[in-house]
Amino acid sequence: MSRGRGRVVAAPGELCLSKVEGAGEGPGLCRRPCSPQLCFSTSWEPAPLPPGSPGTQPGRTAGLGSEQLSAGADAGRRSGLWGPWTFSSSVLRRWLQKPAFPTGTLVWGTPWPRGGSREQCGEEAAESRGMEGCPSSSELHHLTALLLLMPLLLPAGSAEEFMVLGPTEPLVAVLGGDVELPCRTAPARSGENMQLRWFRSKFSEAVLVYEDGGEQPEELMAQYAGRTSLVTELLGQGQAAVLIRDVQASDDGPYSCFFREGEFYEEASLELKVAGVGSAPRVRIMGPEEDGVRVECAASGWFPKPQVHWRGGGGAQFLAFSEAHVQDARGLFSVEAALVVRDRSVGNVTCSLHNPILGQEKAVAIFIPEPFFPQAPLWKLAFCVSLAALGLLLLGAGYCAHREHSRRLRALRDRETLLRAKEEDRRAKEAALRATGELQAQLEWRRSVYLAAWRKAQLYADWRQEKFPAWPVTLDPGSADSSLVVSQERRRVTLKETCEDSGGSGSVLGLEGITAGRCHWEVEVLDGDRSEWVLGVCREDVKRTGWYTESPEKGFWVVGQFEDGFCPCTKDPTPLPLRQLPRRVGVFLNYSEGDVSFYDMTEGSHIFSFPRASFSGTLFPYFRLKSGVGSLTICPMVGAPEGLPVPLNNSPCEEPLSPPGSSADGAESPLLP
């Protein structure tokens, strides 16, 4: 559907509205010399008109009625300013398709003498925007022109918007009958003063036109002349329909109904399906053909194209048949179908024609006697029987020989396949044993080398755990910031759901401090990608109130997830190129050697190690949640002592340190980075 609204102001003489380059306040400069008229500039609002609508017919403009134009023309002739009004619909249509201009008002009007150049007048008017630059007449003529044009320039009353609705399903009409094509407005409003039009695919292909309170038969297509009328019983309630009498095949297809009131219009689409049942089938036997009997079926006067079905005496359908369709001058279909019946016992053969729209069917049956089928000579029959028997004997002998040969070949292939499978299985087992032994030896060698130089190597977190005893960390609720919630078992910390910004640190420490030895603990991070969190170790005397920075210089050896990514907290933090954010982080602390390292315990890979430092005082596990919905949970450690942890300065896992990067026998470790 399309809709539009606007008004067009026409000058006397041939309508030649056009846009002038540089004239930014409106169209309306005259371009051609013609009879005396006004050059003017006026307001403009978008007014797209459908092709062929009354607004583009000669003698009419969008938003101006014929009575207004006639009155304006008569007044103009009486004043001596101009002659009769004529309008060019093609120029008006092109002008209506141009972009809208800013709204303005009538600026000036000047009678132009016969034989003058309206283009010159338009250019000077665009420059001056006043009366200078155009030949002028008396002030009386100016005032008269303004008074005559003002009723035409004022916008017509704005019509209330409405919709036009048609049937959602196709309408069905029978050939030769009558059918109504209904449309209605929503909301309901009287259509007695509207312009109504039913048309086919083009606006000009009119089926019925209602305007000025009556039908306009002169605009109809020839094929609908005298066959259509408007149903007006409910026209006052916005419901109208066109009645088509003596429905023809050419009436089948889509239609559109167009309602217009003032400058506002709407249209709806609907579809009409025409159907007609023609003559009953005429079935006849044509005689023998090939090895059967040819039967033909013919009918005429059907619309649309009928469906042909052949059925035997038991109701079984024949699928192999030929058919041809021909359409006459009235659009009706004639059909001819042919079937070759080869089954002598079929008896009756039925030809039926089915109309797919009406669901109606016409059928005629015919009986085919057995003598109508062609008879074969006796010698041919005997020869065929003998040939068939000989063929069966040869086929049976060949099948038996082939079956025995195939059995022997299959047994031989199965035996060879079994032997090959056993040999391949033996070789695979030997190769697996060799590979397992070599892998085990390589693994033991790597393990021994790593354990000899574990202080410098940064690989294999599970091997490193053997040198770093598990530390049973528990959280200290007394050190927790007010924005945090520590679980009852003191192993999990989260942010409060509703917490006002109190300027706190959002951190909490472990309950027990570390003063010597080696140890490690693991922390599971939940929803770490949607939160900002930090974990590691810190000195006992660090500042954790107000605003502070976390770095080794300030007593923090921590890593965490920030807006820029996962990075260690150093003086110049740089995000680490990790494949994925770790969900379980292992913290490995060697107090004696000043080493703090972090591992991804899920993949067993190294994350980051701080440069060696000289620790003094007590170090505490450090946890901080800055934002988000995540949580930090201390994982239970297998083999960790129960109750309070034992100080690591007496740890039985402590052993004398060897020079970094050297194995037990002084050789450089091949696993070191």
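Just above sits the structure.
About the cut-offs
Residues numbered from 1 in each chain as written. Predicted model: local features only at pLDDT ≥ 70, side-chain atom pairs only at ≥ 80, totals over all residues. Heavy atoms only, no water. Helix = DSSP H or I, 4+ residues; strand = E, 2+ residues; numbered from the N terminus. Contact = heavy atoms within 4.5 Å. Areas by Shrake-Rupley, 256 points an atom, 1.4 Å probe, with all protein chains shown as cover. Pairing = 2+ DSSP bridges. Axes fitted to C-alpha atoms, helices over the stretch in contact; angles between N-to-C directions. Patch = residues over 30% accessible without salt bridge, like charges linked within 9 Å, V, L, I, M, F, W, Y side chains within 5 Å. Salt bridge = Lys/Arg side-chain N within 4 Å of Asp/Glu carboxyl O. Lys, Arg positive; Asp, Glu negative; His and termini not counted. Charge placed at Lys NZ, Arg CZ, Asp CG, Glu CD. Phe/Tyr/Trp six-rings, centres within 6.5 Å; stacked < 30°, edge-to-face > 60°. Buried < 20%, exposed > 50% of the residue type's maximum accessible area, 1.4 Å probe, protein only. Polar contact = N/O pair within 3.5 Å; in protein donor to acceptor, adjacent residues only side chain to side chain. Disulfide = S-S within 2.5 Å.

**Q** Can you break down the overall build of the protein residue by residue, with the values?
**A** In terms of regular secondary structure, the protein is built from 6 helices and 32 strands. A separation threshold of at least 6 residues defines the contact pool for the protein, and within that pool the share at least 24 residues apart is 65%. Summed over all atoms, the accessible surface of the protein reaches about 35,700 Å², with 54% contributed by carbon and sulfur.

**Q** Quick rundown of the sheet that holds strand β18 (residues 333–341)? Include the residues and the values.
**A** The strand order across the open sheet formed by 4 strands is β13-β14-β18-β17, and the pairing between neighbours is antiparallel. Edge positions in the sheet fall to β13 (282–289) and β17 (322–327), since each of these pairs with one other strand and no more. Across this sheet, the average inter-strand angle for adjacent strands is 15 degrees, counted without regard to direction. Two elements, strand β14 (residues 292–302) and β18, share 8 bridges in a ladder whose sense is antiparallel. The residue of β18 that forms the bridge with A298 is E336.

**Q** Now, about a negative patch on the surface: what can you tell me, with residues and values included?
**A** A contiguous patch of negative charge, built from D178, E180, E233 and D246, is present on the exposed surface. Its location among the elements puts D246 in the loop between β10 (239–244) and β11 (253–261).

**Q** Please set out the environment of G536 residue by residue, giving values where relevant.
**A** Along the chain, G536 falls in strand β25 (residues 531–539). For the pair G536 and P568, spaced 32 residues apart in sequence, the C-alpha separation works out to 9.9 Å. With residues up to four places along the chain from it excluded, the contact list for G536 reads W521, W557, V558, F598, F620, P621 and Y622.

**Q** Report on the packing of aromatic side chains, specifying residues and quantitative values.
**A** Under the definition given, this model contains 15 aromatic pairs. Considering the side-chain rings of W533 and F566, the 5.8 Å spacing of their centres and the 55 degrees angle between planes classify their relative orientation as tilted. Of the two residues, W533 sits in strand β25 while F566 sits in strand β27 (residues 565–568), which places them 33 residues apart along the sequence. What makes W533 buried here is its relative accessible area of 1%.

**Q** Break down the pattern of salt bridges for me, citing the residues and quoting the values.
**A** What the rule picks out here adds up to 21 salt bridges. Note that E532 is salt-bridged to K626, the shortest N-O span being 3.7 Å. With E532 in strand β25 and K626 in strand β31 (residues 619–628), this pair connects stretches of sequence that are 94 residues apart. Taking relative accessible area as the criterion, E532 reaches 13% and is therefore assigned buried. Here the residues in one salt-bridge network are R284, E289, R294 and E296, joined through shared partners.

**Q** Pulling in residues and values, what's your account of unusual backbone geometry?
**A** The peptide bond linking A186 to P187 adopts the cis configuration, its omega dihedral lying at 0 degrees. Tracing the sequence through the fold places P187 in the loop between β5 (179–186) and β6 (195–199). Note the cis peptide between F303 and P304, where omega equals -10 degrees. With respect to the helices and strands, the residue P304 is situated in the loop between β14 and β15 (307–311). Phi at D246 takes a positive value of approximately 50 degrees, unusual for a residue other than glycine. Classification of D246 by relative accessible area gives partly exposed; the value is 42%.

**Q** Summarise a nonpolar patch on the surface; cite the residues concerned and give the values.
**A** On the surface, W379, F383 and L387 cluster together to form a nonpolar patch covering roughly 390 Å² of accessible area. Relative to the elements of secondary structure, L387 occurs in helix α5 (residues 378–452).

**Q** Outline the side chain of S531, listing residues and values.
**A** Looking at where S531 falls in the secondary structure, it is placed in strand β25. Reaching out from S531, the side chain makes a polar contact with the backbone oxygen of D527 at a distance of 3.2 Å. Side-chain polar atoms of S531 contact the backbone nitrogen of G630, separated by 2.7 Å. Non-local contacts of S531, meaning those with residues more than four positions away in its chain, are made with Q561, S627, G628, V629 and G630.

**Q** Residues and numbers for the environment of G546, please.
**A** Inspection of the secondary structure assignment puts G546 in the loop between β25 and β26 (556–562). Note on G546: relative accessible area 44%, which makes it partly exposed. Sequence-wise, G546 and S505 are 41 residues apart; in three dimensions their C-alpha atoms are separated by 6.5 Å.

**Q** Tell me about the state of the cysteines, and name the residues and values.
**A** Across all of its chains, the model carries 2 disulfides by this definition. Residue pairing for C183: its cysteine sulfur links by disulfide to C257, the two sulfurs lying 2.1 Å apart. The S-S bond linking C183 to C257 shows a torsion near -95 degrees; that makes this disulfide left-handed. With C183 in strand β5 and C257 in strand β11, this residue pair connects regions lying 74 residues apart in the sequence. Taken individually, C183 and C257 each receive the classification buried, so the pair is uniform in this respect. Here C297 pairs with C351 through a disulfide, and the sulfurs are 2.1 Å apart. On the sign convention where negative means left-handed, the S-S torsion of about -80 degrees between C297 and C351 marks this disulfide as left-handed. Remark: C351 occurs in strand β19 (residues 348–354) and C297 occurs in strand β14; sequence separation between them is 54 residues. When sorted by exposure, C297 lands in the same class as C351, which is buried. Sequence-ordered numbering of the bonded cysteines in the protein gives a disulfide pattern of 1-2, 3-4.

Nothing here speaks to function; it is geometry throughout.
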